[in-house]
Amino acid sequence: MPKPVLLTVDDDPEVLRAIERDLRSHYSDRYRVMRANSGSAALTTLRELKARNNPVALLLAYQRMPQMDGVGFLSEAMEMHPQAKRALLTAYADTNAAIDAINEARVHYYLMKPWDPPEEKLFPALDDLLHDWNSTFRPPYEGIRVLGTRWANRSYELRDFLARNQVPYQWIDVELAQSDPEVRALVNSLGPEAETLPLIIFPDGARLAEPQFPAIADKIGLRTHAQTNFYDLAIVGGGPAGLAAAVYGASEGLHTVMIEREAPGGQAGLSSRIENYLGFPSGLTGSDLARRAVAQAKRFGVEILSPQEAIGVRVDGPYRYLKLADGTEISCHALLLAMGVQWRTLDVPGIDRLQGAGVYYGGGTSEAMACRGETVYIIGGANSAGQAAMHFSKFAGKVVMLVRGESLAATMSHYLIEQIAKTPTIEVWPKTHVVEVHGDTRLTDISIERLDTREKRKLPASSLFIFIGAQPRTEWLGETICRDDRGFVLSGPDLLLNGRKPLSWTLDRDPGLLETSVPGIFVVGDVRHGSVKRVASGVGEGAVVVQFIHQYLAKVQ
Ligand SMILES: Cc1cc2nc3c(=O)[nH]c(=O)nc-3n(C[C@H](O)[C@H](O)[C@H](O)COP(=O)(O)OP(=O)(O)OC[C@H]3O[C@@H](n4cnc5c(N)ncnc54)[C@H](O)[C@@H]3O)c2cc1C
């Protein structure tokens, strides 16, 4: 934590230097002594300190300053740093004003000029004030702070991005400025800057308004650009399948790069509790799994580019090239597709307008705390929806699962159905779907319909989480990499049509297991046609494919 600040203000340069010198001699081991030659200069300093979350312990201002007198300054300063102790330095003639200031402007103490010797006339009084200040002082949060409004999609995306990249941050909802003096003080100190939201404030005081992810990544040290332009193995997608391949590939000596569009962890990173992954009897959160896997991959020297997106692929002889969203290209001998699947969107009136403003796709774990005491609606009846219901039940007043089927039995694992049945705050409403969502700037109501009776109801709602299955996003692969009619990538024997190899296949042998229609380009995990959509199967495929990649590389190099 930076040292708390003692700020002294006087318009007389000589006096200012003298008091600064005395303060430093006595306090500089524990406090940072700062000075300003006017009330307005001091307020500017205080604004910056507020924005940086640097604590201010004491303000010592001379009463008789032109433009803004000491009492005026201390009253304004109090709005920004209400906890700071406020002392007024006065001339003999001002003692009445000083006494009034104690009563009216809540100044804590007044001292007389001259203060010589300071050991008698200055330090004892200030020591007392600082002792008082220390007894109630709580160290401020020192990490990244994000200012925004709960109901803005950009604020939601930013929080989600930081959470999924395991970057700790403090969320500050500016709409609480009316009721929370700390939030109000911060917003006021930022002035017009607080109007362009979301705003991210870094510990060094740097600020980014409406930030793009690459700019944040740069600032927090995430790598988005490749270090070299050639790799033995390039992996697209940092979910469980991609991460497993990265760990096995790099640990077996392959120079490996992994490109991830959002945050390592993939869908699994959205899971609030994975209970069926071998070796974790009481389960583990998706973000924990992702954090461990990333650490392991980095330990073996995997280069992780995130956030970075692969947007094109081309083949030239033995080389495979990936085009990245920043316009650069990297080349490799073997390419692994591990892009998983993305949430399907719900097509009902109002849904696009309210996405991120009460309507969320996927885990939304970063939202759970904000739903404290509220009723949360969840659409979907598969495991992901069940896990989310269990997670939200810890915070929400009530969780309602809207399920199209007659029950959860056909779509959800038995262990989750049992947990849900034992949780009194979760209700399952079968044969029900959402037909419309309402609200101008944030979700206010949802309209639901019973599928059997066609009975419709409009219910007040502030949070709707949607888990209605997923689909691959593979259009960027172009024509050469064969896919099924839903976009899943075909591999191995699935590529043979009546025993005939695809046109893009250039070798005599048939495509191997997990190999696509282009030799040297492999596929694993949820994006593969016919895959089992589980963390363990993705990890298993990621581990196994490295063996096939070795066999391929042995012939190509
Ligand atoms: C909420 C939830 C809970 C779940 N719970 C469980 C559970 O308890 N047990 C279980 O076994 N399974 C569970 N699953 C399923 C499991 O998470 C998936 O089967 C698994 O994550 C698939 O891994 P993957 O690596 O194939 O793909 P994904 O996890 O989907 O990862 C793919 C990654 O590729 C990235 N990507 C996509 N396109 C590009 C591109 N062009 N460029 C760069 N990057 C790209 C994506 O951003 C993503 O991070 C759950 C899924 C969800 C959503």
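These notes cover the structure that comes with them. Keep in mind that this is a model prediction, so the values were computed, not measured.

Definitions and limits used
- Residues numbered from 1 in each chain as written.
- Predicted model: local features only at pLDDT ≥ 70, side-chain atom pairs only at ≥ 80, totals over all residues.
- Heavy atoms only, no water.
- Phe/Tyr/Trp six-rings, centres within 6.5 Å; stacked < 30°, edge-to-face > 60°.
- Helix = DSSP H or I, 4+ residues; strand = E, 2+ residues; numbered from the N terminus.
- Buried < 20%, exposed > 50% of the residue type's maximum accessible area, 1.4 Å probe, protein only.
- Lys NZ or Arg CZ within 6 Å of the ring centre and 35° of its normal.
- Contact = heavy atoms within 4.5 Å.
- Pairing = 2+ DSSP bridges.
- Axes fitted to C-alpha atoms, helices over the stretch in contact; angles between N-to-C directions.
- Near = heavy atom within 4 Å.
- Polar contact = N/O pair within 3.5 Å; in protein donor to acceptor, adjacent residues only side chain to side chain.
- Areas by Shrake-Rupley, 256 points an atom, 1.4 Å probe, with all protein chains shown as cover.
- Nonpolar A, V, L, I, M, F, W, Y, C, P; charged D, E, K, R; others polar.
- Right-handed = clockwise from strand over helix to strand, strands pointing away.
- Expected span 1.5 Å × (residues − 1).
- Core = buried A, V, L, I, M, F, W, Y, C linked by side-chain atoms within 4.5 Å.

### Some details on the packing of aromatic side chains
Summed over all chains, the structure comprises twelve aromatic pairs. Here the aromatic rings of phenylalanine 392 and phenylalanine 465 are separated by 4.4 Å at their centres, their planes lie at 35°, and the arrangement is tilted. Of this pair, phenylalanine 392 sits in helix H12 (residues 383–392) while phenylalanine 465 sits in strand E24 (residues 463–466), and the two are 73 residues apart along the sequence. Phenylalanine 392 sits in the buried class, given a relative accessible area of 0%. By relative accessible area, phenylalanine 465 is classed as buried at 0%. Each member of the aromatic cluster is reached from another via a ring pair, and the members are Tyr156, Tyr360, Phe392 and Phe465. Lying across the ring of tryptophan 171, arginine 159 places its NZ or CZ 4.1 Å from the centre. Above the ring of phenylalanine 202, the side-chain terminus of lysine 219 is found at 5.4 Å from the ring centroid.

### Remarks on the environment of isoleucine 304
Tracing the backbone shows isoleucine 304 in strand E12 (residues 303–305). It is 8.6 Å that separates the C-alpha atoms of isoleucine 304 and leucine 222, two residues lying 82 residues apart in sequence. Discounting chain neighbours no more than four positions away, the residues touching isoleucine 304 are Arg223, Met258, Pro264, Val294, Ala297 and Lys298.

### Examining the sheet that holds strand E21 (residues 432–438)
Reading across the sheet, the three strands line up as E21-E22-E23 and stay open at both edges, with antiparallel pairing between neighbours. The sheet is open, and its two edges are formed by E21 and strand E23 (456–460), each paired on a single side. Neighbour to neighbour, the strand axes of the sheet diverge by 30° on average, direction disregarded. As judged from the six bridges shared by E21 and strand E22 (residues 445–450), these two strands associate in the antiparallel manner. Following the sheet pairing, threonine 432 is matched in E22 by arginine 450.

### Concerning the site of the ligand
Close contacts around the ligand come from 34 residues, with Glu260, Gln267, Asn276, Gln387 and Asp526 the closest. A distance of 2.8 Å is found between an oxygen atom of the ligand and a side-chain nitrogen or oxygen belonging to glutamine 267. Look at the ligand: alone it shows 1,000 Å² of surface, and the protein chains cover 96% of it. Secondary-structure elements contributing two or more residues to the shell around the ligand are helix H10 (240–251), strand E16 (342–343) and H12. Its residues placed into classes, the shell around the ligand shows 14 nonpolar, 13 polar and seven charged.

### Re the sheet that holds strand E7 (residues 169–173)
Strand order in this open sheet of four strands is E7-E6-E8-E9, and the pairing throughout is mixed. Whereas interior strands pair on both sides, the edge strands pair on one side only; in this sheet they are E7 and strand E9 (207–209). Between one strand axis and the next, the sheet turns by 15° as a mean value, whatever way the strands run. The pairing of strand E8 (residues 199–201) with E9 spans three bridges and is antiparallel. Following the sheet pairing, leucine 199 is matched in E9 by alanine 209. Here helix H7 (residues 153–164) sits on the sheet in contact with strand E6 (144–148), E7 and E8, set at roughly 165° to E7.

### Brief notes about the pairing of strand E1 (residues 5–9)
A regular strand carries its side chains on alternate faces of the sheet. Among the five residues in E1, five count as buried, and that is most of the element. The alternating pattern of E1 places Val5, Leu7 and Val9 on one face and Leu6 and Thr8 on the opposite face, and all of these are buried. In this sheet, strand E2 (residues 32–36) lies alongside E1 in parallel orientation, the contact comprising five bridges. Across the sheet, the residue bridging to threonine 8 is arginine 35, located in E2. Once you follow E1 into helix H1 (residues 13–27) and on to E2, the crossover reads as right-handed.

### Topic: helix H11 (residues 286–299)
Given a rise of 1.5 Å per residue, 14 residues ought to cover 20 Å, and the 20 Å separating the end C-alpha atoms of H11 matches this to within 8%. In this fold, the buried residues of H11 make contact with H10, E12 and helix H14 (535–556).

### Some thoughts on the nonpolar core
When a protein is soluble and globular, its nonpolar side chains tend to lie buried together. Leu7, Leu46, Leu59, Leu60, Phe73 and Leu126 are the most contacted members of the largest nonpolar core, which has 49 residues in total. In terms of residue count, the dominant contributor to this core is strand E3 (residues 56–62) (seven residues). Excluding residues that lie within four positions of it along the chain, leucine 46 makes contacts with Leu7, Val56, Leu59, Phe73, Ala77, Met80 and His81. In this structure, Ala241, Leu254, Val294 and Phe522 belong to the second largest nonpolar core, which totals 27 residues.

### Digging into the environment of tyrosine 361
Mapped onto the fold, tyrosine 361 is located in strand E17 (residues 359–361). For tyrosine 361, a relative accessible area of 14% corresponds to the buried category. Placed 18 residues apart in sequence, tyrosine 361 and isoleucine 379 show a C-alpha to C-alpha distance of 9.7 Å. Ignoring sequence-local partners within four residues, the contact set of tyrosine 361 consists of Tyr156, Trp343, Arg344, Thr345, Leu346, Ile351, Gln355 and Ile466. A distance of 3.0 Å separates a polar atom in the side chain of tyrosine 361 from the backbone nitrogen of leucine 346.

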